[in-house]
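Each chain, letter by letter, is given below.
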Amino acid sequence: MSRSLAILAAAAFAAPALANDTMAELKTGGLTFIESPDVSMESEALFISEKEVRVDYVFENSADKDVETLVAFPMPDLPGHVESDIAIANSGSDNFLDFTVTQDGKPIAPALQQRAIAASIDVTDDLKARNIPPLPFADGTYAALDKLPDDVKRDWLSRGVLYDDVYDNDGNGMKHHMTPLWTLRSTYWWKTVFPAKAKVTVSHRYTPSVGGTVAISFLEEGEAKGDRYADYVRRYCMDQGFVKVAQKLAKGQENSGPNYTESWISYILKTGANWNGPIKNFKLTLDKGKAKNLISFCGTGVKKTGPTTFEMTATDFWPEQDLDILILNAPDE
């Protein structure tokens, strides 16, 4: 049975949230493997905070021969949009999550595959032919698009690759600027070998995409009702203790008191079903950041292990649903 873990801070107050003060998180996950009947996962230790995701795996090859396989890390899609509200810290880098990976302690240099999709059509070659960077939010991408010949702009606008946006970006008046509408799909991948009758440790790290709002947003006029509230209960398993404290904080918003903010982290757990059998030993550790922060998520048998950390363990674990985490951040003192 799932339950919510709500760690209640001292009462504080928040300012009203505005729709344009919202950043959307990108759902990320772990590694994916080509399914093999000979390779099983002995353990997975997953650590999630607003600053870092760490995943440490131990695999065992039970066969009498080596198993060579493909390993991949699908980066979250980056959808271009006229009014982008996606939370990524390094939008100008191909490795916008600062992804790194090691096997048995040795760094791996994975290959990167990137495809640009507009209106369900692959336009990667079109971008390459015009030396357009595939990253939809990079400054260099916008600059390159504005320099395209007019006939190319018209063609790409008609195909849904671009949007003609009008704004003043240099103080010299309103001008037309080409805005990317394609979605970038990126995957890091490499080949690896699981030696016969041996265990292998694979570890990877990255910076999560953390969305959120400038204040508490899931209550309707301070009351626990409405579609947004119902969605939060479903996604984050908020219990009544958590909700009551949130209501006290939201009431203080009207008085312009200290501001609690929301953070959202989403993690794809279901990629953990890509190998033979269940995960024999699974451990999830969540860090809410500051002791006065509040946290809510769906979990079973969750224990508080420190001022800011919580742990869930399981044996013969089959990931059946993804993980969504809500943190209410206390104001800086």
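Coordinates for the structure precede this section.
Here's a quick rundown of the structure. If you're wondering where the values come from, they're calculated on a predicted model, not measured in any experiment. (Residues numbered from 1 in each chain as written. Predicted model: local features only at pLDDT ≥ 70, side-chain atom pairs only at ≥ 80, totals over all residues. Heavy atoms only, no water.)

## Description of the pairing of strand β18 (residues 261-268)
By the criterion of burial, β18 is predominantly enclosed, with six of the eight residues buried. Relative to β18, strand β3 (residues 28-29) is paired through two bridges, and the arrangement is parallel. Bridge assignment links threonine 28 to a residue of β18, and that residue is tyrosine 267. Pairing analysis gives three bridges linking strand β17 (residues 211-213) to β18, with the strands arranged antiparallel. By the bridge assignment, threonine 213 is partnered in β18 with glutamate 262. Two strands pair when backbone bridges link them, and β18 and strand β23 (residues 323-329) are joined in this way by seven bridges, in the antiparallel orientation. In the sheet register, isoleucine 265 faces β23, and the bridge partner there is isoleucine 325. (Buried < 20%, exposed > 50% of the residue type's maximum accessible area, 1.4 Å probe, protein only. Helix = DSSP H or I, 4+ residues; strand = E, 2+ residues; numbered from the N terminus. Pairing = 2+ DSSP bridges.)

## Topic: the packing of aromatic side chains
Taken as a whole and assessed by the stated rule, the structure comprises 13 aromatic pairs. For the pair phenylalanine 218 and phenylalanine 242, a centre-to-centre distance of 6.4 Å together with 25° between the ring planes defines the contact as stacked. Of the two residues, phenylalanine 218 is situated in the loop between β17 and α4 (227-236) and phenylalanine 242 in helix α5 (residues 240-253); the sequence distance between them amounts to 24 residues. The same class applies to phenylalanine 218 and to phenylalanine 242, which are both buried. Within the aromatic cluster, the residues linked to one another by ring pairs are Phe73, Phe99, Tyr188, Trp190 and Tyr206. Of note, arginine 54 hangs over the ring of phenylalanine 47, and the distance from its end group to the ring centre comes to 4.0 Å. (Phe/Tyr/Trp six-rings, centres within 6.5 Å; stacked < 30°, edge-to-face > 60°. Lys NZ or Arg CZ within 6 Å of the ring centre and 35° of its normal.)

## As for a negative patch on the surface
Residues Glu220, Glu221, Glu223 and Asp227 make up a contiguous surface patch of negative charge. Residue placement: aspartate 227 occurs in helix α4. (Patch = residues over 30% accessible without salt bridge, like charges linked within 9 Å, V, L, I, M, F, W, Y side chains within 5 Å. Areas by Shrake-Rupley, 256 points an atom, 1.4 Å probe, with all protein chains shown as cover. Salt bridge = Lys/Arg side-chain N within 4 Å of Asp/Glu carboxyl O. Lys, Arg positive; Asp, Glu negative; His and termini not counted. Charge placed at Lys NZ, Arg CZ, Asp CG, Glu CD.)

## Side note on helix α2 (residues 139-146)
Within the span of α2, buried status applies to Thr141, Ala144 and Leu145. The buried residues of α2 occupy an angular sector of 100° when projected down its axis, which confines them to one face. Residues of α2 that are buried make contact with α3 (150-158), β13 (162-167) and β14 (175-180). (Arc of directions from axis to C-beta. Contact = heavy atoms within 4.5 Å.)

## As for unusual backbone geometry
Notably, aspartate 104 is not glycine yet its phi reads approximately 50°, a positive angle. One can find aspartate 104 in the loop between β9 (100-103) and β10 (106-107). On the accessibility criterion, aspartate 104 (45% relative accessible area) is partly exposed. In this model, serine 120 sits at a positive phi of 70°, which is unusual for a non-glycine residue. With respect to the element layout, serine 120 can be found in the loop between β11 (111-118) and β12 (121-122).

## Here's the deal with the pattern of salt bridges
If you walk through the whole model with that rule in mind, you get 14 salt bridges. One salt bridge in this structure joins glutamate 25 and arginine 235, with 3.1 Å as the shortest N-O distance. Pair noted here: glutamate 25 is in the loop between β2 (22-23) and β3 and arginine 235 is in helix α4, with a separation of 210 residues, a long-range link. On the basis of relative accessible area, arginine 235 is assigned to the partly exposed category, the value being 21%. Across the salt bridge formed by aspartate 322 and lysine 27, the nearest N and O atoms sit 3.7 Å from each other. Of this pair, aspartate 322 sits in the loop between β22 (309-317) and β23 while lysine 27 sits in the loop between β2 and β3; the two residues are 295 residues apart in sequence, bridging distant segments of the chain. Judged by its relative accessible area of 37%, lysine 27 is partly exposed. Beyond isolated ion pairs, a larger network of salt bridges with shared partners links Glu25, Arg235 and Asp324.

In short, shape yes, function no, at least from these values alone.
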